[in-house]
Amino acid sequence: MSVEKFSEKKLNDKQKEAIIYTKGPLKIIAGPGSGKTEVLVLKALYLITVKGVNPKSIFLVTFTRKASEEFLSRFVNYAGALKEKHPELSFEPYDIYSGTLHSLAIRIMDEFQYSKFEKYRLLGDFEREIFIFKNFCRIIKSPKLLSFFSFFEDEEKTKEKSEEELLHDRLSLLSFLFDFIPQNLILSKKLVKEKGYDNNSRVRLIAGKLYRKYTDLLAKENYIDYTHIEWLFLQFLNSNSEESKLFIEGDGTEYFPGIRYILVDEYQDTNPLDEKIYFTLAKRSKNLTVVGDDNQSLYRFRGAVVDCFINFEKSCKDILGEKAVRVELLKNYRSDKQIVAFINYFLKKHKEYSDYKSAWKKLSIEKKILFSSGIEVYKTTENSVIEIEGDEEELAEKCYYLVKELKSRGIISKYSDVVLLLPSTREDKFAGEIRQTFEKKGIPVYNPRAKSLIYQKEIGVMLGALLNILPEESNIPNSLKETISFWKETFERESSEELKKKVKELSSTINPENLNILELFYQLLSYEPLKSFKENILTSANLARLSQLISSFSQMVEERNSLISEFFRTFLFILSTKSADLQEVKEVPQDMFPIMTIHQSKGLEFPIVIVGDLDNISGDWKLGKMEELFERFLKNYTKGFSWERNTLDAVRKFYVAYSRAQYCLIILKKKEVEPYSDRRPWKTAAFPGFNLNWHKTFSKKFQRKIKDDERPKNKKTS
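Rules of the game
Residues numbered from 1 in each chain as written. Predicted model: local features only at pLDDT ≥ 70, side-chain atom pairs only at ≥ 80, totals over all residues. Heavy atoms only, no water. Helix = DSSP H or I, 4+ residues; strand = E, 2+ residues; numbered from the N terminus. Rg over C-alpha atoms; globule rule 2.2 N^0.38 Å. Buried < 20%, exposed > 50% of the residue type's maximum accessible area, 1.4 Å probe, protein only. Contact = heavy atoms within 4.5 Å. Areas by Shrake-Rupley, 256 points an atom, 1.4 Å probe, with all protein chains shown as cover. Lys, Arg positive; Asp, Glu negative; His and termini not counted. Charge placed at Lys NZ, Arg CZ, Asp CG, Glu CD. Patch = residues over 30% accessible without salt bridge, like charges linked within 9 Å, V, L, I, M, F, W, Y side chains within 5 Å. Salt bridge = Lys/Arg side-chain N within 4 Å of Asp/Glu carboxyl O. Pairing = 2+ DSSP bridges. Axes fitted to C-alpha atoms, helices over the stretch in contact; angles between N-to-C directions. Parallel < 35°, antiparallel > 145°, perpendicular 65-115°, else oblique. Nonpolar A, V, L, I, M, F, W, Y, C, P; charged D, E, K, R; others polar. Left-handed = near helix turned anticlockwise from the far one by under 90°. Expected span 1.5 Å × (residues − 1). Polar contact = N/O pair within 3.5 Å; in protein donor to acceptor, adjacent residues only side chain to side chain. Phe/Tyr/Trp six-rings, centres within 6.5 Å; stacked < 30°, edge-to-face > 60°. Lys NZ or Arg CZ within 6 Å of the ring centre and 35° of its normal. Right-handed = clockwise from strand over helix to strand, strands pointing away. Core = buried A, V, L, I, M, F, W, Y, C linked by side-chain atoms within 4.5 Å. pLDDT = per-residue confidence, 0-100.

Undergrad: Which residues make up the overall build of the protein, and what are the values?
TA: A count of helices and strands for the protein gives 31 helices and 16 strands. For 718 residues, the compact-globule estimate of 2.2 N^0.38 gives 27 Å, and the protein sits close to it at 27 Å. In terms of overall dimensions, the protein has a C-alpha envelope of 75 × 65 × 65 Å along the principal axes. When each of the 718 residues of the protein is scored for burial, the buried share is 57%. If you take every contact in the protein between residues at least 6 apart in sequence, the share linking residues at least 24 apart comes to 82%. Approximately 32300 Å² of the protein is accessible, and the part contributed by carbon and sulfur atoms is 47%. Each charge class in the protein was averaged separately, 116 positive and 105 negative side chains, and the resulting centres sit 5 Å apart.

Take a look at the structure:
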């Protein structure tokens, strides 16, 4: 069966090549809108239906749970349709090992009964913060650690911070350190042997000891976090145990066929620990396929090292002893011609900029995206790439009239066809100006991450109610006192008389010895306004998130008589200082205008994209210092580009934002933008080559080139 026949899809030559190549390592460079998910789905189906590979022999990794669900949904649909036409096919699509690396590691260690895994309980992100707070809160105040924290702190900014802000910063640093060390395969035994000849050696020695303490505490209390799940999985793969061999090599039966194909999506956001796992899995078969785009690498702040993708061919040669084949999927089936021209222009101008030329050359792959969608420019907008200039108030007004006009002219059928992408959607920034303007004039706004979770009305009512039930605790931090006042005021202002009556009743009957906070939470949900909050998608999701956090916290409290004090001093403090927001919102209401972060938009596309708040970008000081400290241990890193990486991150962020647009891209430029000469280049990274007056040049140079005879014959229409 040929690939065309089983897929019933019109594929281009490069897509076909990527699907049917099955012998040895393969690197697929996939630009935006090039159909990479389709290629991955069809490659898995091709392996099963044409090459006769057992689905249990395929290990397919996606970066997010949402991407995993998308892959599996398409895969199952294709498989169902194929089996209907070819009843002789009898494979079970759900047998494939498909998911995020964490979920697959857990599934496999559980399925193959790895004894070391059985004793652990997984800490979610919020639980991990509680764990670190409880165990390191006092330690970090030790004078012996001052040199360690000073290394990562800006002296001038530190002076301006309160004791609580400093505590929060230092706990965050430890959390980051405890991921950074294992993600980069740095061995703690080397760190604790450091001789303190210079400051960096002394700091590394302390870092090693702190990390050792963290892992010892995890082991003692039988906890494991997400990064160490991967570390444990790598141990399992290298254990040479019967279970490990059964999983990797199989036993010749249909049930245990062994792993023969490893497919990894979004490889540009992998880290050295992930890479080690993939190459360990591929040692036997050599069949490792990776898909990615260095220009869409967004997660360096979470440990991603783009160099793993850039240097994939070298790693294949060094580790597998095989030459990797490269296939480039550069035809863009998503966007209008001007938009494709613009994203090429945007990157080209940055790559030509002298300060970064060398960094770009080492840390990116040269390529040009090709227009293939056939989409035509909206006649009403004439151009597909538009710049609008003004101050924040003017930009919000212009945005509103634009969206209103698009809807009234029938160019869009619903408000959710247009999206506003921002570096941050907090409403104390530009997003607040937008919401105020739109809602004042009658267009509802959907901004699920408008405020921190703790400042949402439904959260305020619930926590205010709980705080009126529980006995008040003394000696709590000042910043928490202010937040508690906010929750109590929200409760007083928003609650129904029935809810207030119930709270009063519960407070008079509460028994601290058998207190169950989650049970109180569910009792309160029966009363207004909490009852109505359950009917709304977003408020319901926020309450569900709060109940998960309370449940996780309650399970970590060992002494029941300390529950109330722990609730105040640990749970509420962490909640008030850390981000515990919803990460993914699956459904966007069609009759609302959505505002999203650029990170949230990854993997999505929209008919019309507006990008704003262009200078709301900051460099990551902490990450830069971490890379500087451990430089000689970072084998996967291309050396010599420590601070340039911040700017490349910012440029790539806007590249992702701009390439989400199908028919029209609108860029909102503030009247006053700090120039590049201020030596903070990430502030102007949104503009091609940091040139604030790019639009006129782009228009002249590229719009002339867009000729009708260059358009494909099979045109789409809006």
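Undergrad: How would you sum up a negative patch on the surface? Please name residues and give values.
TA: Together, Glu497, Glu498, Glu528 and Glu535 line one region of the surface with negative charge. As for its position among the elements, Glu535 is in the loop between helix H26 (530–533) and helix H27 (537–556).

Undergrad: Requested: an account of the sheet that holds strand S16 (residues 661–670), with residues and values cited.
TA: In any sheet, the strands associate via hydrogen bonds between backbone groups, in a parallel or an antiparallel arrangement. Taken together, the 6 strands give an open sheet; going across it, the order is S11-S16-S15-S12-S14-S13, and neighbouring strands pair in parallel fashion. Pairing within the sheet leaves two strands with one partner each, and these edge strands are strand S11 (385–390) and strand S13 (445–446). Strand contacts of helix H30 (residues 644–658): strand S12 (418–422), strand S15 (606–611) and S16, with the helix running at about 145° to S15, the strand carrying the most contacts.

Undergrad: Please give an account of the packing of helix H22 (residues 457–469) against helix H23 (residues 478–494) that cites residues and values.
TA: Viewed as axis vectors pointing N to C, H22 and H23 meet at an angle of 100°, and their least axial separation amounts to 7 Å. Taken together, the axis directions place H22 and H23 in an arrangement best described as roughly perpendicular. Note on element contacts: H23 touches H22 through Ile484, Trp487, Lys488, Thr490, Phe491 and Glu494, opposite Lys457, Gly460, Val461, Leu463, Gly464, Ala465, Leu467 and Asn468. In terms of residue class, the contact of H22 with H23 is made up of 7 nonpolar, 4 polar and 3 charged.

Undergrad: Break down the packing of helix H3 (residues 36–49) against helix H4 (residues 65–85) for me, citing the residues and quoting the values.
TA: Between H3 and H4, whose axes approach to 10 Å, the crossing angle comes to 45°. Judged on the interaxial angle alone, H4 and H3 are oblique. Read as a crossing pair, H3 and H4 show a hand that is right-handed. Each of Thr37, Glu38, Leu40, Val41, Leu42, Ala44, Leu45, Ile48 and Thr49 in H3 lies in contact with H4, whose residues at this interface are Glu70, Phe71, Arg74, Phe75, Tyr78, Ala79 and Leu82.

Undergrad: Lay out helix H18 (residues 337–352) in plain terms, naming residues and giving numbers.
TA: Given a rise of 1.5 Å per residue, 16 residues ought to cover 22 Å, and the 22 Å separating the end C-alpha atoms of H18 matches this to within 8%. For H18, the tally of buried residues reaches 13 of 16 residues, placing the bulk of the element in the interior. Where H18 starts, the residue carrying a side-chain oxygen 2.7 Å from the main-chain nitrogen of Gln338 turns out to be Asp336.

Undergrad: Break down the packing of aromatic side chains for me, citing the residues and quoting the values.
TA: Scanning the model with the defined rule gives 48 aromatic pairs in all. With a centroid separation of 6.4 Å and an interplanar angle of 35°, the aromatic rings of Phe236 and Phe247 are classed as tilted. Placement of Phe236 in helix H13 (residues 226–238) and of Phe247 in helix H14 (residues 242–248) is noted, with a sequence separation of 11 residues between them. Assessed through its relative accessible area of 2%, Phe247 is described here as buried. An aromatic cluster of at least three residues, connected via ring pairs, comprises Phe59, Tyr97, Phe112, Tyr114, Phe233, Phe236, Phe247, Tyr255 and Phe256. In this structure, Lys407 is placed above the aromatic ring of Tyr415, and the distance from its NZ or CZ to the ring centre is 4.3 Å. A cation over a ring is seen here: Lys625 above Phe151, with NZ or CZ 4.4 Å from the ring centre.

Undergrad: Which residues make up the pattern of salt bridges, and what are the values?
TA: Tallied over the full model, the rule gives 43 salt bridges. With a closest N to O distance of 3.1 Å, Arg300 and Glu627 form a salt bridge. Of this pair, Arg300 sits in the loop between strand S7 (288–292) and helix H16 (307–310) while Glu627 sits in helix H29 (residues 621–629); the two residues are 327 residues apart in sequence, bridging distant segments of the chain. By relative accessible area, Glu627 is classed as buried at 5%. Arg645 serves as the salt-bridge partner of Asp307, at 3.1 Å between the closest nitrogen and oxygen. Separated by 338 residues along the polypeptide, Asp307 in helix H16 and Arg645 in helix H30 bring together distant segments of the chain.

Undergrad: I'd like a description of the sheet that holds strand S6 (residues 261–264), backed by residues and values.
TA: In space, the 6 strands of this open sheet follow the order S3-S2-S6-S7-S1-S8, with parallel pairing throughout. Of all the strands in the sheet, the pair left with one neighbour each is strand S3 (97–99) and strand S8 (325–329). The average undirected angle you get between the axes of adjacent strands in this sheet is 10°. Two elements, strand S2 (residues 58–61) and S3, share 3 bridges in a ladder whose sense is parallel. Paired with Leu60 across the bridge in S3 is Ser98.

Undergrad: Break down the environment of Ile229 for me, citing the residues and quoting the values.
TA: Relative to the helices and strands, Ile229 resides in helix H13. Along the backbone, Ile229 and Met109 are 120 residues apart, and their C-alpha atoms lie at a distance of 9.7 Å. Contact partners of Ile229, with chain neighbours within four places excluded, come to His102, Ala105, Ile106, Met109, Phe117, Leu122 and Ile224.

Undergrad: Please set out the pairing of S6 residue by residue, giving values where relevant.
TA: The side-chain alternation of S6 yields two buried faces, one formed by Tyr261 and Leu263 and the other by Ile262 and Val264. Where S2 meets S6, 4 bridges bridge the pair, whose relative direction is parallel. Bridge assignment links Val61 to a residue of S6, and that residue is Val264. Inspection of the sheet shows S6 paired to S7 by 3 bridges, in the parallel sense.

Undergrad: Lay out helix H7 (residues 125–136) in plain terms, naming residues and giving numbers.
TA: For H7, spanning 12 residues, the distance from its first C-alpha to its last is 16 Å, which sits close to the expected 16 Å at 1.5 Å a residue. When you tally the buried positions in H7, you get 9 out of 12 residues, the bulk of the element. Against the buried residues of H7 lie strand S4 (121–122), helix H10 (163–183), helix H12 (199–220), strand S5 (223–224), H27 and helix H28 (563–577).

Undergrad: Please give an account of the pairing of S7 that cites residues and values.
TA: Of all 5 residues in S7, 5 are buried; the element is thus mostly enclosed. Side chains Leu288, Val290 and Gly292 project from S7 onto one buried face, and the interleaved Thr289 and Val291 project onto a second face that is buried too. The pairing of strand S1 (residues 26–30) with S7 spans 4 bridges and is classified as parallel. Residue Ile29 lies in a different strand from S7, and its bridge partner there is Gly292. Following the chain from S6 across helix H15 (residues 272–282) to the adjacent parallel S7, one finds a crossover that is right-handed.

Undergrad: Go over the nonpolar core with me, naming the residues and quoting the values.
TA: With 128 residues, the main nonpolar core has Phe59, Phe148, Phe247, Phe571 and Phe630 as its most contacted residues. In this structure Phe571 touches Phe126, Ile130, Leu546, Leu549, Ile550, Phe553 and Glu566, once residues within four positions along its chain are discounted. Within the second largest apolar cluster, 50 residues are counted, among which are Val419, Val609, Ala650 and Phe654.

Undergrad: I'd like a description of unusual backbone geometry, backed by residues and values.
TA: Going from Glu528 to Pro529, the amide bond is cis rather than trans, its omega being 5°. On the secondary structure map, Pro529 appears in the loop between helix H25 (517–524) and H26. Residue Leu185 is not a glycine yet carries a positive backbone phi of 55°. For Leu185, the position within the fold is in the loop between H10 and helix H11 (188–191). Under the relative-accessibility criterion, Leu185 is labelled partly exposed at 27%. Not every positive phi belongs to a glycine, and Asp613 is a case in point at roughly 55°. Residue position: Asp613 is located in the loop between S15 and H29.

Undergrad: Describe the confidence of the model for the protein, naming the residues involved and giving the relevant values.
TA: Note that predicted coordinates carrying low pLDDT should not be read in detail. With 94% of its residues at a pLDDT of 70 or more, the protein shows a mean pLDDT of 89. Throughout residues 708–718 the model reports pLDDT below 50, and contacts reaching past four residues in sequence, or to other chains, amount to 21 contacts.

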